[in-house]
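This is what each chain is made of:
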Amino acid sequence: MNDTATTSGDIMAADNAEQREQVIFLLTKAYWMEIETVMSYIANSVNPDGVRAQEIRESLAQDIQEELGHAQQFAERIKELYGVVPGSLDFSAEQDYLQPPGEQVDIVHVIKGVIEAESGAIEHYSRIIEETDGIDPVTQDMVIAILRDEQGHKRLFEGFLREYEAEGLA
């Protein structure tokens with residue numbers, strides 16, 4: 001058996017440095033997506049007003065810890081793959097759809113922003129799963145578990161949106 005055959009499925013092998021760098025790049029983007037989502041979820045779990053806002057606020061408050069946990073998992077995996085977890089100076093905000101609405105009673109804006117954020121995460125994490133197939137099962141398994149969480153969040157907020165739509169409020 002030659003060395004290539006024994007190391008081809010190991011992301012940690014020297015032969016796979018280029019693929020490992022690509023995985024680190026994708027994980028770093030995922031890390032920043034989660035960090036940005038945490039910031040927006042904090043704002044959107046505090047700012048909304050009104051009786052109808054309470055369930056959305058509570059749901060987002062619970063999601064903050066889960067999303068932060070995802071960011072921590074991505075950070076740990078970046079380090080394990082010989083990468084460096086970036087500091088705050090490397091952060092660049094992208095989630096304009098999750099910014100607090102102009103009117104604090106605009107719960108539909110918040111719900112739609114969460115759905116868009118979760119959809120973006122699902123798309124990106126699906127790409128990571130594809131990119132790691134056959135080369136990095138550890139990262140792939142981790143991201144599959146995180147993907148399930150994001151799909152659950154999206155589904156919950158789609159239900160909230162359907163309720164608002166059924167009542168003519170969206």
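Before reading on, note that the structure itself is shown above.
The text that follows walks through the structure, step by step, so that each part is easy to find. Note that this is a predicted model, so its numbers are computed, not measured.

Conventions and cut-offs
- Residues numbered from 1 in each chain as written.
- Predicted model: local features only at pLDDT ≥ 70, side-chain atom pairs only at ≥ 80, totals over all residues.
- Heavy atoms only, no water.
- Helix = DSSP H or I, 4+ residues; strand = E, 2+ residues; numbered from the N terminus.
- Buried < 20%, exposed > 50% of the residue type's maximum accessible area, 1.4 Å probe, protein only.
- Contact = heavy atoms within 4.5 Å.
- Lys, Arg positive; Asp, Glu negative; His and termini not counted.
- Charge placed at Lys NZ, Arg CZ, Asp CG, Glu CD.
- Salt bridge = Lys/Arg side-chain N within 4 Å of Asp/Glu carboxyl O.
- Expected span 1.5 Å × (residues − 1).

Right, let's get into the overall build of the chain. Looking only at helices and strands, one finds five helices and zero strands in the chain. Start at the N end of the chain and walk to the C end: the helices and strands fall as α-α-α-α-α. Looking at the chain as a whole, 42% of its 170 residues qualify as buried. Taking the intrachain contacts of the chain between residues at least 6 apart in sequence as the baseline, contacts between residues at least 24 apart amount to 76%. Side-chain charges in the chain split into 12 positive and 34 negative, and the spacing between the mean points of these groups amounts to 3 Å.

Within the secondary structure, Ala13 is located in the loop between helix 1 (3-7) and helix 2 (17-46). What makes Ala13 buried here is its relative accessible area of 8%. Along the sequence, Ala13 and Pro86 sit 73 residues apart, while their C-alpha atoms lie 23 Å from each other.

In total, this model carries six salt bridges according to the counting rule given. With a shortest N-O distance of 3.4 Å, Arg52 and Glu163 are connected by a salt bridge. In this pair, Arg52 is assigned in the loop between helix 2 and helix 3 (53-80) and Glu163 in helix 5 (residues 137-166), connecting sequence segments 111 residues apart. According to the relative accessible area criterion, Glu163 is partly exposed, its value standing at 40%. Here the residues in one salt-bridge network are Arg52, Glu163 and Glu167, joined through shared partners.

Below, the discussion takes up helix 5. For helix 5, spanning 30 residues, the distance from its first C-alpha to its last is 43 Å, which sits close to the expected 44 Å at 1.5 Å a residue. Listed in full, the buried residues belonging to helix 5 are Thr139, Gln140, Met142, Val143, Ile146, Leu147, Glu150, His153, Phe157, Phe160, Leu161 and Tyr164. The inward-facing, buried residues of helix 5 contact helix 2, helix 3 and helix 4 (107-132).

Just distances and angles here, no functional claims.
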